[in-house]
Amino acid sequence: MKIFRTALFTFAALAGLTSFVTSTQSSYAGGLGLDWLSNKPYVECLKNARMLADVSSVMKGPAYREASYERGRHQCNQRYYGHE
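Since we're looking at a predicted model, the values are computed, not measured. Along every chain, residues carry numbers that run from 1 in the direction the sequence is written. At least 70 in pLDDT is required for a residue's local features to be given in this predicted model, at least 80 for side-chain atom pairs to be given and counted, and no such filter applies to totals for whole chains, interfaces and linings, which use all residues. The basis for every side-chain value is the complete set of heavy atoms in the structure, and neither hydrogens nor water enter the calculation.

**A few points about the overall build of the protein chain**
Right, on to step 1. Secondary structure assignment for the protein chain yields three helices and zero strands.
Right, on to step 2. The secondary structure listing takes helices from DSSP runs of H or I that are at least 4 residues long and strands from runs of E that are at least 2 residues long, numbered from the N terminus. When the helices and strands of the protein chain are placed in sequence order, the string is α-α-α.
Right, on to step 3. Burial analysis of the protein chain (84 residues in total) assigns 18% to the buried set.
Right, on to step 4. Residue contacts follow a heavy-atom distance rule, with two residues in contact if any of their heavy atoms lie within 4.5 Å. Restricting to contacts in the protein chain with at least 6 residues of sequence separation, those with at least 24 account for 37%.
Right, on to step 5. Areas reported here follow the Shrake-Rupley algorithm with a probe of radius 1.4 Å; residue values treat only the protein chains shown as occluding. Entry remark: accessible area of the protein chain is about 6800 Å², with carbon and sulfur atoms responsible for 67%. Throughout this description, buried means an accessible area under 20% of the type-specific maximum (1.4 Å probe, protein chains only), exposed means over 50%, and partly exposed covers the range between.

Written as structure tokens, this is what we have:
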């Protein structure tokens, strides 16, 4: 009887672990909110916005960098997703 309970417990643990692993593999980055990374033109737009903000901060000062990047990011959001 003890062998039967041990085998039953092992089977239940294995079935539970298998169902947990298969359920986690089906959810890609969508659960993390990283699905925008597959939109290559949008990512390039963000890179260009960061580069322009960095270059412009050389002439206008470091305080201008984040405001400039935010404007560029909003423009990219508007262009590729239709919202800010």
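Still more ground to cover, so stick around.
**Considering the packing of aromatic side chains**
Right, on to step 1. Stacked, tilted and edge-to-face are the three classes applied to pairs of Phe, Tyr and Trp rings, where Trp contributes its six-membered ring and a pair requires centres within 6.5 Å; stacked means planes under 30 degrees apart, edge-to-face means over 60, and tilted covers the rest. Applying the stated criterion across every chain yields a total of three aromatic pairs.
Right, on to step 2. Both rings, one in Tyr 42 and one in Tyr 80, keep their centres 6.1 Å apart while their planes meet at 75 degrees; by these two values the pair is edge-to-face. Here Tyr 42, found in helix 2 (residues 40-60), pairs with Tyr 80, found in helix 3 (residues 63-81); they are 38 residues apart in sequence, far enough to count as distant.
Right, on to step 3. For Tyr 42, a relative accessible area of 7% corresponds to the buried category.
Right, on to step 4. Note on Tyr 80: relative accessible area 32%, which makes it partly exposed.

**Considerations on helix 2**
Right, on to step 1. In this model, helix 2 (21 residues) spans 30 Å end to end at C-alpha, consistent with the 30 Å of a helix rising 1.5 Å per residue.
Right, on to step 2. On its buried face, helix 2 sits against helix 3.
Right, on to step 3. Backbone geometry just after helix 2 places Gly 61 at a positive phi near 105 degrees. Each helix should span, by expectation, one fewer than its residue count multiplied by 1.5 Å.

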